[in-house]
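# Structural overview for review
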Amino acid sequence: MSIDFLILMKSEMSLTLIIFILLSLKVFTNDKNHVALLNLTNILLAANFVFGFFFNASGELFNGMFHTNNVIALEKNILNLGTLIVSLQAFDWLKNHKHLLEFYVLLLTTLLGMDFMISSGNFLMFFLGLELSSIPLAALANLDLEKRKSSEAAMKMILSSAFASCITLFGISLLYGTTGTLNFAEMPKHLTGSELQLFSFIFIFTGFAFKLSAVPFHLWTADVYEGAPVPVTSYLSVISKGSIVFIFISVLFTLFRSFEGMWYNMLYLTIVLTITIGNLFAIRQNNIKRFLAFSSIAQVGYILLGLSSGTGAGATSAIYFLIVYTFSNLGAFGVIALVSAHAGKEEITDYKGFYANNPTLSWVLTISLFSLAGIPPTAGFFGKMFLVTAGAGKGNYVLVTIAVMNMVVSLYYYLRIVRSIFMDKNETPIAKLKGSNSIKLALAVCMIGVVVTGFATGLFENINTLIGK
Amino acid sequence: MGPAALILLAICGIAFAGGGILLSRALAKKSANVVKGEPYECGIPTTGTSWIQFHVGYYLFALIFLVFDVELVFMYPWAVVVQKIGMTAFAEIIIFMFILFMGLLYAWKKGALKWM
C-alpha cells in the first residue's frame, strides 16, 4: 500500500516537500538574500513541473476519496506550469518585498488545495480542497501591505467567497440528504431528479459559477483584481480559474450527467450573460487590471460554451483552451507586472506611446492580446475555434451566433490597447524598463507557447485520446 | 409535496424568527433610560466608544491556541485506533505534529509569543 500511496499522490507530496523546504528556510535562516531565495524557489518549481511528467499512474486511495489518472496528471501539470510562470514573473516585485517566503508558502498551499480538489472523488475532499485553495488567496491579495486597495480586495474576496462556499456547502448537504452518499462514483445511481436534488444542483452550480466569476456572480472579480498585487491577480485569473474548470468538467460530465437537460439550459443562460456583460464592461475600463478582469470573465464564457456540448470534444477543447489561455493571459500579465513593479503605473492611459521606449515588451503585450482576442496566427484563434465548434455540436446556433458576434465586439477593446501602445502620442511615455532575466524568461516561454500550441496539432489529439479512454 | 414543502418551510422559518421579534415589540412595555441602553446593566458606566484598536497580540494568541486545539481534537480519534493500526499511525501522527510544530516555530520566529 505504501508505495502506491507515494506514487498516486506524488504531485501533492512534492508540493508539500517544497512548502516545507521554504518554511524551514524561513524559520532556520535569516532570509536576507532575496535573489538567491527566488532563484532557489524557481528551480524547485521547475523541478516540480518536470517531475509531473513522470511516474503517472491511475488509481484511487482512501476508499475513493482521492483518485488520479492521466487526464488529472495533465491538468495538474498545466497548473504547475502556470504557477512556475507566475513565480518567474513575480521576481521583480518580490525582490524588495519583506514577506517573500510567506508569499510562496501561501501560493503553493493554494496549489496543493487545487491538486486535492481536482483529484477528489468525494464531496468532502472536494470542499476541503476548495477551501484550502481559496482562503490563502485572500491573504495573498493583501500582500501589498502599504496599499489600502489591497486590503479592500482581500476583505471583499474573503467575505464573498465565504458566502459562495456556504451556498455550495448547503447544496452538498441537500444532496447528501437525498442520496445518502458523498462519493462521486456512487452518487449518480441515486440521482433521481427530484426537486430537492435539482435544488441542490443549482446551489452547487452557483458555487462553481462564483469561483469562475461567471455572470451574475462576477461582482467581486474586478475589485479584487484591481486591488491585489499583479502576480496574485494573474494567479487568480489563470490558475485558480483553471482548477475550477477542471473539476467542473468532471462534476458536470460524470456526476450530474443525468441532469444534462437542466444544466445545459443553465449554462446557456450563464454563457450568454457572461460573454455579453464581460465584453460590454471591458470596453469602459480605464485600469488595465480591471480591464483584464472583465476580459477574463468573457473568456470564461467561451470555456463554458465548450463545456455546454457535454461531449469529450467539449472537455478536450476546454482543457486545450486553458493551456492556450495560460500562455496568452500570463504573457499580458507579465508585461503588466513588469511595468507595475518598475514604473508603478496601472492605467491604460499610461500605456500611450509605450512602443517608443519598449518595443519588445510592446510586441509581447500585443501578441498576447491578439491571442486573447482570437486573431488567427496565434493559438487563441485555434482555442476559440475548437470551443465554438464543440459548442455548435448541440445544434444551438443562436448561442453560437451570440458567442461569435461577441468575439467581434471583443476585438474593439483589445485593439484599443494596441492602438494606444503603438499610435497614441504621449508627452511622458514609460521609460525604458530593464526587467530581470527571470521575467524575460517567463515572457519568452509565454510567447513560444502562444505560437507553438496553436500549430502543434498533436496536442489537441493527445488530450482527446487521454479523455476518450 | 416537493417545492411546496420547501416554500412552506421557508415561510414558517421566517414567521417563527420574525414573529417573535414583532410580537415582543408589539406587546412589551416600553421604558427608555440611559442605563437600559448599556450592553451590561451592571458595574460602572462605560467610557469612550467601542471603536478602539485592540493589540494584535490577542489575535495571534487566539490563532496559535486554535491550531493546538484542533491538534488535540484530532488526536482523540487517533488514540482510539492507534493500537489497531500500529506503527503507521504513530508515524502519521508524528508527521502531523511536526507540521504544526513548524507553524509554532514560525510564529515564535515572528515574535508572536512575545507580549509587548
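Residues numbered from 1 in each chain as written. Chains lettered and ligands numbered in written order. Predicted model: local features only at pLDDT ≥ 70, side-chain atom pairs only at ≥ 80, totals over all residues.

## Some thoughts on the overall build of chain B
Quick note on the threshold: For helices the rule is a DSSP run of H or I covering at least 4 residues; for strands it is a run of E covering at least 2, with both sets numbered from the N terminus onward. Our radius of gyration looks at C-alpha atoms and nothing else; its globule reference is 2.2 Å times the residue count to the power 0.38. Counting other C-beta atoms within 10 Å of its own, a residue is labelled buried from 20 upward, exposed at 12 or fewer, and partly exposed in the gap between, with every C-beta atom placed from the backbone.
The helix and strand tally for chain B stands at three helices and zero strands. Taken from N to C terminus, the helices and strands of chain B fall in the order α-α-α. For chain B, whose C-alpha radius of gyration is 26 Å, the value lies well above the compact-globule estimate of 13 Å for 116 residues. Judged by the C-alpha coordinates and their principal axes, chain B covers about 65 × 55 × 25 Å. Looking at chain B as a whole, 0% of its 116 residues qualify as buried.

## A word on the overall build of chain A
Here is the rule we go by: Any residue pair is listed as a contact if its two C-beta atoms, each placed from the backbone, are within 7 Å.
A tally of regular secondary structure across chain A gives 21 helices and two strands. Taking 469 residues into account, the globule formula puts the C-alpha radius of gyration at 23 Å, and chain A, at 21 Å, falls close to it. For the C-alpha atoms alone, the extent of chain A along its principal axes is close to 65 × 60 × 45 Å. Residue burial in chain A is summarised as follows: out of 469 residues, 52% are buried. Here the analysis covers contacts within chain A between residues at least 6 apart in sequence; of these, 81% occur between residues at least 24 apart.

## Remarks on the interface of chain B and chain A
Here is the rule we go by: Each residue receives one of three labels: charged for Asp, Glu, Lys and Arg, nonpolar for Ala, Val, Leu, Ile, Met, Phe, Trp, Tyr, Cys and Pro, and polar for the others, Gly being one of them.
Facing the six residues of chain B at the interface are five residues of chain A. Top contributing element to the side of chain B that touches chain A by residue count: helix α3 (residues 87–109) of chain B, with four residues. Of the residues that constitute the side of chain B that touches chain A, the class distribution is four nonpolar, one polar and one charged.

## Overview of the confidence of the model for chain B
It should be kept in mind that the predicted coordinates are not to be read in detail where pLDDT is low. All names here are of chain B. As a reminder, the rule being used: pLDDT is a per-residue confidence score from the predictor, ranging from 0 to 100.
Residue-level pLDDT values for chain B average 84, and 96% of them are 70 or greater. Of all secondary-structure elements in chain B, the lowest mean pLDDT belongs to helix α2 (residues 56–85), at 86, while helix α1 (residues 3–27) reaches the highest, 91. Taken together, the chains of this predicted complex give a pTM of 0.87 and an interface ipTM of 0.75.

## Quick look at the nonpolar core
What counts here: Linking buried Ala, Val, Leu, Ile, Met, Phe, Trp, Tyr and Cys residues through C-beta atoms within 7 Å yields a set, and such a set is a nonpolar core.
Among the nonpolar cores identified, the biggest contains 147 residues, and Ala141(A), Val245(A), Phe248(A), Ile303(A), Ala318(A) and Phe321(A) are the most heavily contacted of them. Considering every element that reaches this core, the biggest residue donor is helix α15 (residues 312–342) of chain A, with 20 residues.

## Brief notes about the packing of helix α4 (residues 70–89) of chain A against helix α20 (residues 437–455) of chain A
All names here are of chain A. Quick note on the threshold: For every element, the axis is a line fit to its C-alpha atoms; helices are fit only across the contacting stretch, and the angle between N-to-C directions ranges from 0 to 180 degrees. The hand of a helix crossing depends on one turn: near helix anticlockwise from the far one by less than a right angle means left-handed, and clockwise means right-handed.
The contact between α4 and α20 brings their axes to 7 Å, and the two run at 140 degrees. Handedness of the crossing formed by α4 with α20: left-handed. Each of Ile85, Leu88 and Gln89 in α4 lies in contact with α20, whose residues at this interface are Ser438, Ile439, Leu441, Ala442, Val445 and Cys446. Partitioned by chemical class, the residues of the contact of α4 with α20 number seven nonpolar, two polar and no charged.

## So, unusual backbone geometry
Residue and element names in this part refer to chain A. Cis geometry marks the peptide bond from Val215 to Pro216, where omega comes out at 5 degrees. Mapped onto the elements of the fold, Pro216 is located in the loop between α10 (195–211) and α11 (219–227). With a phi angle near 55 degrees, Phe55 is a residue other than glycine that sits in the positive phi range. Note that Phe55 resides in the loop between α3 (34–51) and β1 (59–61). Even without a glycine there, the phi angle at Ser213 is positive, about 50 degrees.

## Considering α3(A)
Residue and element names in this part refer to chain A. Note the threshold: The span one expects for a helix is its residue count, reduced by one, times 1.5 Å. Within this analysis, the arc is defined by the directions that extend from the helix axis to the C-beta atoms.
For α3, built from 18 residues, the straight-helix expectation of 26 Å at 1.5 Å per residue is met to within 8% by its first-to-last C-alpha distance of 25 Å. For α3, the full list of buried residues reads Leu37, Leu38, Thr41, Leu44, Leu45, Asn48 and Phe49. What you see down the axis of α3 is that its buried residues fit within an arc of 140 degrees, all on one side. Facing away from the buried side of α3, by more than 90 degrees, are the exposed residues Val35, Ala36, Ile43 and Val50. Its buried side turned inward, α3 meets α2 (10–28), α4, α5 (91–94) and α6 (100–119).

## Concerning the packing of α6(A) against helix α12 (residues 230–255) of chain A
All names here are of chain A. Worth spelling out the cut-off: Here the angle decides the label: under 35 degrees means roughly parallel, over 145 means roughly antiparallel, 65 to 115 means roughly perpendicular, and every other value means oblique.
Running from N to C, α6 and α12 point in directions that differ by 15 degrees, and their axes come no closer than 9 Å. The pairing of α6 with α12 is recorded here as roughly parallel in orientation. The two elements α6 and α12 cross, and the hand of that crossing is left-handed. On α12, the residues touching Leu107, Met114, Met117 and Ile118 of α6 are Tyr235, Ser243, Phe246 and Ile247. Of the residues in the contact of α6 with α12, the class split is seven nonpolar, one polar and no charged.

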